[in-house]
Amino acid sequence: MWKYIIKRILLSILILLCVTFVIYTLLRCLPSSFVESMAVTLSQAPGAKSYEEWLAQLNASYGLDIGIIPGYIRWLSQFVRGEFGDSWRYVMPVVDKFKEVIGVSLVMGGISFVLELVIAIPLGIMAATRQYSKTDYVITAGALIGISLPPFFFATLLKLIFASGLGWFDLYGLVGRDYAQLSPMGQFWDMASHLVLPIATLVITSIGSLMRYTRTNMLEVLNADYIRTARAKGLPEKKVIYRHAFRNTLIPLVTIIGGSLPGLFSGALITETLFSIPGIGFTSYEAMTRGDIPFAMFYLTFIAVLTLAGNLIADILYAAVDPRVRIS
Amino acid sequence: MENKKETYSLNDDRRVRVLSPGAMVAKRFFRNRLAVVGLIMLLTMFVFSFIGGLLSPYDQDEQFYATTQQQQEYVGVVRNNDFRYTVADGMEFGSAAQAQFLLAQGKGESTFSYKDVTYEWVEEGADLYSIYANGTLLAFAAKDIVNEEEAALPFSVKYEALKAYVNGETSFTAEGASYELDEEGNIIENGAVIGYVSRFVVRSQENGVVISRDFREALEDAIETEVSDFVYTGEDGETYTYEITYNASAQNWSVLQTKDTYVYDRYASPSSRHWLGLDTNGMDMLTRLMYGGRVSLVIGFIVVLIAAFLGIILGGIAGYFGRWVDNLIMRIVDIFYCIPSMPLIIILGSAMDNAQMDSQLRMLYLMLILGFLSWPSIARMVRGQILLLREQEFMTAAEASGIRASRRIFKHLIPNVIPQLIVICTMSLGSTIITESTLSFLGLGVKFPFASWGNIMTDVNDAFVMTHYWYIWIPAGICLLITVLGFNFVGDGLRDAFDPRMKR
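Given the structure is predicted, the values throughout are model-derived calculations rather than measurements.

Calculation notes
Residues numbered from 1 in each chain as written. Chains lettered and ligands numbered in written order. Predicted model: local features only at pLDDT ≥ 70, side-chain atom pairs only at ≥ 80, totals over all residues. Helix = DSSP H or I, 4+ residues; strand = E, 2+ residues; numbered from the N terminus. Rg over C-alpha atoms; globule rule 2.2 N^0.38 Å. Buried ≥ 20, exposed ≤ 12 C-beta atoms within 10 Å, placed from the backbone. Contact = placed C-beta atoms within 7 Å. Pairing = 2+ DSSP bridges. Axes fitted to C-alpha atoms, helices over the stretch in contact; angles between N-to-C directions. Nonpolar A, V, L, I, M, F, W, Y, C, P; charged D, E, K, R; others polar.

**Overview of the overall build of chain B**
Okay, step 1: In terms of regular secondary structure, chain B is built from 14 helices and 15 strands.
Okay, step 2: Relative to its length of 504 residues, chain B is extended, with a C-alpha radius of gyration of 44 Å against a globular reference of 23 Å.
Okay, step 3: A buried classification covers 35% of the 504 residues belonging to chain B.
Okay, step 4: Taking the intrachain contacts of chain B between residues at least 6 apart in sequence as the baseline, contacts between residues at least 24 apart amount to 60%.

Given below as structure tokens:
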């Protein structure tokens with residue numbers, strides 16, 4: 001088992017190296033508009049150096065003057081030491097900015113993840129146990145509608161109804177206008193109310209896949225021989241479903257849930273952007289659209305690491321949870 | 001009655017209706033209500049996008065204009081409440097003396113002195129005072145103003161005119177000539193108007209606008225009768241409506257001219273000509289929705305085609321040849337899986353923004369990028385299927401019969417992968433359309449002048465548009481939802497239909 005885990009980790013590191021190299025190359029090949037526009041601004045100041053001189057100086061200070069491969073090696077050596085450089089957009093160390101914004105994303109991701117689990121798994125099981133009933137149709141259709149809803153459309157609908165229609169929430173942002181004047185409790189509720197719509201968007205647009213996954217797996221288990229045996233034994237249906245079937249359904253569920261745990265850190269790029277929630281997603285979106293290479297590089301690497309970690313956890317859990325799986 | 005039903009022996013094939021596998025799939029598919037609904041939704045959207053665009057009388061970037069009434073600040077009017085001083089020729093009456101006069105007038109003292117000179121004043125009528133020093137007329141202070149028509153009027157004419165005006169006389173003489181004064185304050189000499197008396201100061205707010213006497217009169221009438229708007233036909237024959245608003249704190253009137261202007265008919269409401277109104281550029285919304293549907297659907301199909309092509313080739317090679325080829329391709333797949341696609345597309349999109357790329361070229365790149373980033377899941381599925389099928393007896397039989405490898409792959413392996421491939425492609429069509437529209441919504445995908453269901457909705461970033469013009473964004477969102485839902489329903493139905501284990 002340990003041997004397998006170590007092998008997987010080594011493989012993940014190799015993949016990560018390739019991925020970061022691909023990303024680095026891509027970013028370097030893009031027109032580095034930020035540096036150029038900065039050089040233009042700086043050179044227009046009275047008594048300033050010429051545009052070319054500024055450009056050369058900026059390129060040197062951002063490490064853009066050396067070739068892609070030496071640049072990548074330098075980036076990598078800094079990455080290993082935990083140095084990600086300074087963000088161009090936010091004019092502060094990337095890591096500091098990251099620490100500042102990750103909390104909101106984690107809270108948002110955590111709450112929506114728990115909500116998803118609490119809603120999707122029972123509904124998925126309900127749909128599976130009453131296959132082809134009206135309930136099943138409604139739940140399956142609901143799950144598919146959730147998957148098919150474009151997040152931006154759904155977010156706008158929510159805004160129209162709850163923000164501008166009923167006036168319960170604000171359209172954008174994490175804190176209200178009078179945030180600074182509120183008591184600590186009031187500040188908490190202010191933030192909480194600003195997170196309601198984003199979390200609703202996240203949960204509803206992503207709940208469908210977990211619901212369908214639960215349903216499919218539950219159906220598979222319900223068709224298994226041991227369920228037939230349990231029924232033949234004369235066990236009550238409740239016991240069959242919750243004792244025998246659900247426990248077996250848990251195996252794939254735990255695997256996929258464990259695998260998606262690292263994703264809680266990745267933030268919701270689109271949803272945060274739609275609601276201007278200053279989490280890691282929106283912060284990165286701003287950085288990426290403005291050609292902030294250090295921040296974009298950090299964010300992309302971060303996401304890649306999370307994906308790899310998720311796959312790794314899923315694979316290990318798969319073996320750990322199900323005693324039938326033996327890894328050689 | 002004799003039972004005419006034929007009886008077959010138990011193992012007679014005719015006892016059961018034999019269906020081909022395809023017919024079985026179709027039968028299972030059409031029994032699934034959700035799938036049929038999805039198919040109908042998809043067909044509707046296809047007809048809407050591809051045929052609707054042909055039927056629409058408008059073009060996707062045809063702009064519609066409308067004459068709207070725009071209000072412009074035309075003139076400002078102030079009712080004069082301060083004394084204005086007119087000094088006789090060759091005399092002096094400076095501002096310091098004027099201040100002294102005001103003080104004396106306020107106190108009711110009939111004389112005042114300034115710098116050793118003693119002045120005296122006489123009230124000639126309402127708000128008209130003559131100021132004398134040592135018995136000679138020095139100046140007069142009046143709140144009414146004498147405006148000259150063309151030639152400058154001498155002091156005495158102004159003075160006499162005002163005197164006559166405030167005392168309600170209709171004629172006066174000055175310097176030997178006689179003048180007439182009509183009710184409106186016109187000073188008439190020999191039948192010609194040479195000036196007029198009025199308490200209003202009218203200033204034009206636009207450069208180069210000369211305010212005619214006629215207009216002034218109409219305006220003053222309107223102000224005096226306290227009407228809020230009036231119509232006036234100018235010398236050029238154009239008739240405009242003017243709206244008068246009184247600002248109590250500044251004690252002035254501002255006059256807004258309502259002009260007909262020819263502009264893009266922005267956000268026009270739905271009408272019989274434009275069923276879903278007009279968008280922010282004055283383009284027909286319904287037509288743009290149709291063309292946008294075309295773009296969204298075509299992009300979806302091309303992206304999925306690219307992904308499927310790459311996925312089948314690479315997955316097929318990996319699955320069929322195995323060993324190091326498989327290992328290599330699968331590691332590439334792992335790498336691609338790990339590349340965060342959405343952030344990457346956002347970065348590329350904003351880079352294309354910076355390069356100010358042509359919209360059409362941009363669309364092409366978008367398709368290539370999306371296709372190139374989404375083949376790995378298809379490759380993985382194809383490889384898994386082929387690994388599974390390779391071990392089955394029919395493949396051993398095919399190999400034993402000695403047919404070529406290519407024939408084995410394309411005739412025996414690939415057809416067995418097709419069902420899963422169709423399912424995965426249908427489902428990813430839906431998600432590709434969502435991805436594309438999200439990008440277009442953020443302004444990083446399909447760009448103007450091309451319409452896409454995503455970029456049609458971009459206007460809702462303006463909260464006013466969102467709350468006031470539902471027809472700008474709700475139809476586009478619903479089209480998207482219906483299309484994606486249709487693909488997902490159909491994909492789901494196909495999955496169930498292809499999977500023989502799913503018994504109904």
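**Topic: the sheet that holds strand β2 (residues 84-87) of chain B**
Strand pairing in a sheet relies on backbone hydrogen bonds, with the paired strands running either antiparallel or parallel.
Residues and elements named next belong to chain B.
Okay, step 1: As summarised here, the arrangement of the five strands in space is β2-β6-β5-β4-β3, forming an open sheet in which the pairing is antiparallel. Taken across any chain shown, the strands that pair with only one partner, and hence form the sheet edges, are β2 and β3 (111-114). Pairwise comparison of adjacent strand axes, ignoring direction, gives a mean angle of 30° for this sheet.
Okay, step 2: Summarising the sheet, strand β5 (residues 128-133) and strand β6 (residues 136-142) pair through six bridges and their orientation is antiparallel. By the bridge assignment, Tyr129 is partnered in β6 with Ala141.
Okay, step 3: Across the sheet, helix α3 (residues 95-107) touches β2, β3, β4 (117-125), β5 and β6, and the angle it forms with β3 is around 155°.
Okay, step 4: Here helix α4 (residues 155-166) sits on the sheet in contact with β2, β4, β5 and β6, set at roughly 45° to β4.

**Description of the pairing of strand β15 (residues 252-264) of chain B**
All names here are of chain B.
Okay, step 1: Relative to β15, strand β1 (residues 65-79) is paired through 13 bridges, and the arrangement is antiparallel. Looking across to β15, one finds that Thr68 is bridged to Thr261.
Okay, step 2: Summarising the sheet, strand β14 (residues 239-247) and β15 pair through seven bridges and their orientation is antiparallel. Counterpart to Glu243 in the pairing with β15 is Leu256.
Okay, step 3: As consecutive antiparallel partners, β14 and β15 are separated by four residues, and within that stretch Gln251 has a phi angle of approximately 55°, a positive value.

**Digging into the sheet that holds strand β13 (residues 229-233) of chain B**
All names here are of chain B.
Okay, step 1: Read from one edge to the other, the open sheet built from five strands follows the order β12-β1-β15-β14-β13, with strand pairing classed as antiparallel. The open sheet terminates on both sides in strands that have one partner only, identified here as β12 (200-204) and β13. With direction set aside, neighbouring strand axes in the sheet form an average angle of 35°.
Okay, step 2: Pairing of β13 with β14, which is carried by five bridges, proceeds in the antiparallel orientation. Residue pairing for β14: Phe230 is matched across the bridge by Tyr242.
Okay, step 3: Along the sheet, helix α5 (residues 213-224) makes contact with β1, β12, β13, β14 and β15, crossing β13 at roughly 165°.

**Re the interface of chain A and chain B**
Okay, step 1: Taken together, the 39 residues of chain A in the interface contact 34 residues of chain B.
Okay, step 2: When residues of the side of chain A that touches chain B are traced back to their parent elements, those giving at least two are α1 (2-29), α6 (134-148), α7 (151-165), α11 (269-275), α12 (280-289) and α13 (293-321) of chain A.
Okay, step 3: For the side of chain A that touches chain B, a count of residues per class yields 29 nonpolar, nine polar and one charged.

Geometric descriptors of this kind do not, in isolation, establish any biological role.
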